[in-house]
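Each chain is listed here by its residues.
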Amino acid sequence: MNRRQLIQAAMAAAAGMAAWHPLASRAANSGGRVIVVGGGMAGATVAKYLRMWSNGGLQVTLIERNPAYISNIMSSLVLTGQRSMSSLRFGYDALRTRHGVKLVTDEVLEVDAVKGSVMLASGQRLMADKIVLAPGMRFDLLPGQTDPARMPHAWSAGVQTEQLAKQLAAMRAGGTVVLTIPKTPYRCPPGPYERACLLADWLKAKKPRSKLIVLDANPDIVVEKDNFSEAFFGLHANVIEYHRNVEISSVDEPQMMLYTNGGAVHGDVINLIPPQRAGKLIEQTGLATATNGRFAPVDVLSYASLSAPKVHVIGDSSATTQPKAGHIANQEAKVCADALVRYFCGLAPDPAPVTNSACFSTITRTQASWLNVVFQYDPLTKTMQAVPASASASLGWSGDNFEDMNEWFKALMADSFA
């Protein structure tokens, strides 16, 4: 697949080619009730498609504590001043008015996975036939971390993104920026590497003589190795200092120091991206039993929890063989929505689901690369496996790819929120 085919596929999805479902007329009379917890890429998409594919027959309630979603995708461009936070803000009006999703702005305190109910902070308890949990990620604080604003991760777009942007802007020329990469799995595998490239390009122009130290807890670049290696050791070699297998044991916030298995590292600005795990509700409900108790194992035919079949887990909190990223969260949501429509029609899930993971990565402030992989269900391992022939990546980076990245982003967000 070339870059033009990639962007055309994303645009086709946003145009509504998946709006119709063969079981829509049957599902329209089902009267099933579904509660969706979390309004990110996964939660918004599953709520929308449950309503569309059931022809409005399923009662869908989306519970989200925030009035709008702030996209993590493209948020690194806020750090370089190329995007505003408002350009990453997506509300839920279309889900409510166009698709008939009932929106509840509240926080879920408790999930009863047996009875199929949720308790809200407001004191209300809601019941449903099925519950879909899409609470995203939460971050593990490292020893010595007490003030998130001191070494912001900015890995969940919002306040910390703005804090990191201000720190970078205020840094002196010739200063040192440190960016850390946690062990996999973490949200958006290429994300830290593309942020490093983007910041390196920005530092050249805005903060001459500055250095970017990248501390990677993994043994090597985990994705798109050819392009990122060429960027790190070629294009940005005079700025980026890359270190593998570096694990952080503690931090000293007042001194701006990181203590690692390779020694102490000081930075004028530290973008500390910590280890990640499933949202708090997943652990509270007893669903986080995979990946050393960090994520929820699921049946990828429907994303039903292996511990509580009445509950489905999609997006970053689920433990699958697929990457954790916005595009794949959108894809998992559609597989889950299809399975639930079939369930309310008395049918089994599709036995051969297919998902697609596509992304662009900024290599400079005006050029990008891209990567695409298709996953198919393997009945022997009961997992989603990458199709070797489908894996493709750009040879290098270009301005055309950067323009396509913006179109891809618009299409993806429209498919989830419009």
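Further up the page is the structure itself.
Residues numbered from 1 in each chain as written. Predicted model: local features only at pLDDT ≥ 70, side-chain atom pairs only at ≥ 80, totals over all residues. Heavy atoms only, no water.

Draft legend 1. A look at the overall build of the protein. Summing up its helical and strand segments, the protein has eleven helices and 26 strands in all. The globule rule puts the C-alpha radius of gyration for 418 residues at 22 Å, and the 21 Å found for the protein is close to it. Considering only C-alpha atoms, the protein reaches an extent of 65 × 45 × 40 Å along its principal axes. A total of 418 residues make up the protein; the buried ones form 58% of that total. If you average the places of the 39 positive and of the 34 negative side-chain charges in the protein, the two averages end up 4 Å apart. (Helix = DSSP H or I, 4+ residues; strand = E, 2+ residues; numbered from the N terminus. Rg over C-alpha atoms; globule rule 2.2 N^0.38 Å. Buried < 20%, exposed > 50% of the residue type's maximum accessible area, 1.4 Å probe, protein only. Lys, Arg positive; Asp, Glu negative; His and termini not counted. Charge placed at Lys NZ, Arg CZ, Asp CG, Glu CD.)

Draft legend 2. Seen up close, the pairing of strand 6 (residues 108-112). For strand 6 and strand 7 (residues 117-120), the ladder comprises four bridges, and the chain directions are antiparallel. When the sheet's bridge partners are listed, Val 111 is paired in strand 7 with Val 118. What sits between strand 6 and strand 7 in their antiparallel hairpin is a turn of four residues, with Gly 116 showing a positive phi close to 75°. (Pairing = 2+ DSSP bridges.)

Draft legend 3. Region of the structure containing the nonpolar core. By size, the foremost hydrophobic cluster in this structure holds 86 residues, and its most contacted members are Val 46, Leu 50, Val 118, Leu 133 and Ile 314. For this core, the element with the most residues is helix 3 (residues 41-53), which contributes nine residues. Residues within four places of Val 46 in sequence aside, it is in contact with Val 36, Val 132, Ile 314, Ala 333, Cys 336 and Ala 337. Among the nonpolar cores identified, the runner-up in size contains 29 residues, and Met 171, Ile 181, Leu 212 and Val 214 belong to it. (Core = buried A, V, L, I, M, F, W, Y, C linked by side-chain atoms within 4.5 Å. Contact = heavy atoms within 4.5 Å.)

Draft legend 4. Geometry of the sheet that holds strand 14 (residues 248-252). Strand order in the open sheet formed by three strands is 14-15-16, and the pairing between neighbours is antiparallel. In this open sheet, the two strands that pair with only one neighbour each are strand 14 and strand 16 (263-266). Across the sheet, the mean angle separating the axes of adjacent strands is 20° when strand polarity is ignored. Here four bridges tie strand 15 (residues 257-260) to strand 16, and the two strands are oriented antiparallel to one another. From the neighbouring strand, Thr 260 faces strand 16, where its bridge partner is Gly 263. (Axes fitted to C-alpha atoms, helices over the stretch in contact; angles between N-to-C directions.)

Draft legend 5. Structural context of the packing of aromatic side chains. Taken as a whole and assessed by the stated rule, the structure comprises twelve aromatic pairs. When the ring of Tyr 69 is compared with that of Phe 417, the centres are 5.4 Å apart and the planes differ by 15°; the resulting orientation is stacked. Of this pair, Tyr 69 sits in strand 3 (residues 68-70) while Phe 417 sits in helix 11 (residues 399-417), and the two are 348 residues apart along the sequence. Residue classification places Phe 417 among the buried positions, given a relative accessible area of 4%. Ring geometry for Phe 90 and Phe 409: centres 6.0 Å apart, planes at 75°, overall edge-to-face. (Phe/Tyr/Trp six-rings, centres within 6.5 Å; stacked < 30°, edge-to-face > 60°.)

Draft legend 6. Summary view of empty space enclosed by the protein. Counted under the stated rule, the structure contains one cavity of 30 Å³ or more. In this model, the largest cavity occupies a volume close to 40 Å³. Lining the largest cavity, in full, are Gly 315, Asp 316, Ser 318, Thr 320, Gln 322, Pro 323, Lys 324, Ala 325, Ile 328, Ala 329 and Glu 332. For the lining of the largest cavity, the element with the highest residue contribution is helix 10 (residues 326-344), accounting for three residues. Tallied by class, residues from the lining of the largest cavity come to four nonpolar, four polar and three charged. (1 Å grid on protein atoms, 1.4 Å probe; cavity = no way out; pocket = protein on both sides within 12 Å on 5 of 7 lines; lining within 4 Å. Points joined across faces, edges and corners; volume = space filled by probe spheres on them. Nonpolar A, V, L, I, M, F, W, Y, C, P; charged D, E, K, R; others polar.)

Draft legend 7. Just the environment of Ala 393, in detail. On the secondary structure map, Ala 393 appears in strand 26 (residues 392-393). Separated by 167 residues in sequence, Ala 393 and Asp 226 have C-alpha atoms that sit 9.5 Å apart. Contacts of Ala 393, omitting those with residues within four sequence positions, involve Trp 370 and Leu 371.

Draft legend 8. Looking closely at the pattern of salt bridges. Tallied over the full model, the rule gives 18 salt bridges. A cluster of three or more residues bridged by salt bridges with shared partners is formed by Arg 138, Asp 140, Arg 277, Glu 283 and Arg 294. (Salt bridge = Lys/Arg side-chain N within 4 Å of Asp/Glu carboxyl O.)

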